[in-house]
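Coordinate analysis (summary)
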Amino acid sequence: MQEEYSVQADGVDEWTYTMFLYTSALKKMNMKMEILKEEFKQIHKYNPIEHVSSRIKTPESIVKKLHRHGKEASIHEMVNYLNDIAGIRIICSFTPDIYQIAKMLSNQDDITVLSVKDYIAHPKENGYRSYHMIVTIPIYVATGTVQTKVEIQIRTIAMDFWASLEHKIHYKFEGNAPEYMYSELKNCAEIAAKLDEKMLALNNTILEESAKIPSPSIPEKLEQEIGQLAN
Ligand code: 0O2
């Protein structure tokens, strides 16, 4: 059974309060991603996160999705049945990075994973590939704590490129694009998956080759860094 979420909004406009919670949840998620990105950059010298974007679903899109699910357009139905009012999209360099980021987020104490859809291991019929997680994070407000839902989509640049074009075609033709476009899209999805594979293999070769080059000793490293600072 789906857990019921309720929003306490004594004396406050319920829509404004609900949207405030989702916006706050996105701020928290963005902050988490900023911290991870900085850690990778400063400490691990490798950044698997290409970029991050987030959005709140538009009221028009919320109403359409509720109707599509056979629900009435109300705040109660929206909070309980829609998981992607607040959404964050993380674009990674390579496919293994996606799973690494997903694991890091799942391991954070204040994140509760409600569900996972792995459209990379199991691509959709149209070719869509991406890793989705529905999570809750606590938002501490004046009256207590509200566990707020966020949809996290994690994908590579190639997966994102494909999904953007597919989304554009889907909306432009309202789901009724000519058949050849769907088969072209499916073809492109296969090419994009192949590209991800090849780029990963190439990157692994680069890593293997650079591991063979002896790394400088600490005094040499210091000298190099001081030299760089002086220039
Ligand atoms: P929009 O306009 O992007 O917001 P659930 O949320 O689990 O109850 P849902 O929404 O079917 O049910 O879940 P799913 O499959 O995880 O899809 C959630 C979102 O993923 C979609 O939101 C899209 O953003 C994206 N998505 C899923 N399938 C596709 C696809 O085939 N192509 C593209 N381009 N994006 C996809 P919305 O609300 O459907 O759309």
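As a starting point, this report considers the structure included with it. Treat the numbers as computed from the prediction; the structure is a model and nothing was measured.

Taken together, 18 residues lie near the ligand, and Lys57, Lys65, Tyr119, His132 and Glu166 sit nearest. Between an oxygen atom of the ligand and a side-chain N or O atom of lysine 57, the distance comes to 2.6 Å. Between asparagine 126 and the ligand, the recorded distance is 2.8 Å, taken from a side-chain N or O atom to an oxygen atom. Computed on the free molecule, the ligand has an accessible area of 740 Å², of which 80% lies beneath the protein chains in the complex. In terms of residues, the shell around the ligand owes the most to one element, helix α5 (residues 157-172), which gives four residues. Across the shell around the ligand, the residue classes tally to four nonpolar, five polar and nine charged.

Within the largest apolar cluster, 39 residues are counted, with the highest numbers of intra-cluster contacts made by Met78, Ile90, Ile101, Leu105, Val150, Ile152 and Ile154. Secondary-structure elements contributing two or more residues to this core are α1 (14-44), α2 (59-68), α3 (75-81), β2 (86-92), α4 (95-106), β4 (131-141) and β5 (144-156). Per-element tally for this core: the top contributor is α1, with 10 residues. When residues no more than four places from it in sequence are discounted, the contact partners of isoleucine 152 are Met29, Ile88, Ile90, Leu105, Tyr131, His132, Met133 and Val135. Ranked by size, the runner-up nonpolar core spans nine residues in total, among them Tyr119, Ala163, Ala177 and Ala189.

What follows concerns α2. Along α2, the residues classified as buried are Ile62, Lys65 and Leu66. Across the axial projection of α2, the buried residues extend over an arc of 100°, all falling on one side. Exposed residues pointing more than 90 degrees away from the buried face of α2 are listed as Glu60, His67 and Arg68. Where α2 terminates, the next one or two residues include glycine 70, which has phi positive at roughly 75°.

Criteria and cut-off values
Residues numbered from 1 in each chain as written. Predicted model: local features only at pLDDT ≥ 70, side-chain atom pairs only at ≥ 80, totals over all residues. Heavy atoms only, no water. Near = heavy atom within 4 Å. Polar contact = N/O pair within 3.5 Å; in protein donor to acceptor, adjacent residues only side chain to side chain. Areas by Shrake-Rupley, 256 points an atom, 1.4 Å probe, with all protein chains shown as cover. Helix = DSSP H or I, 4+ residues; strand = E, 2+ residues; numbered from the N terminus. Nonpolar A, V, L, I, M, F, W, Y, C, P; charged D, E, K, R; others polar. Core = buried A, V, L, I, M, F, W, Y, C linked by side-chain atoms within 4.5 Å. Buried < 20%, exposed > 50% of the residue type's maximum accessible area, 1.4 Å probe, protein only. Contact = heavy atoms within 4.5 Å. Arc of directions from axis to C-beta.

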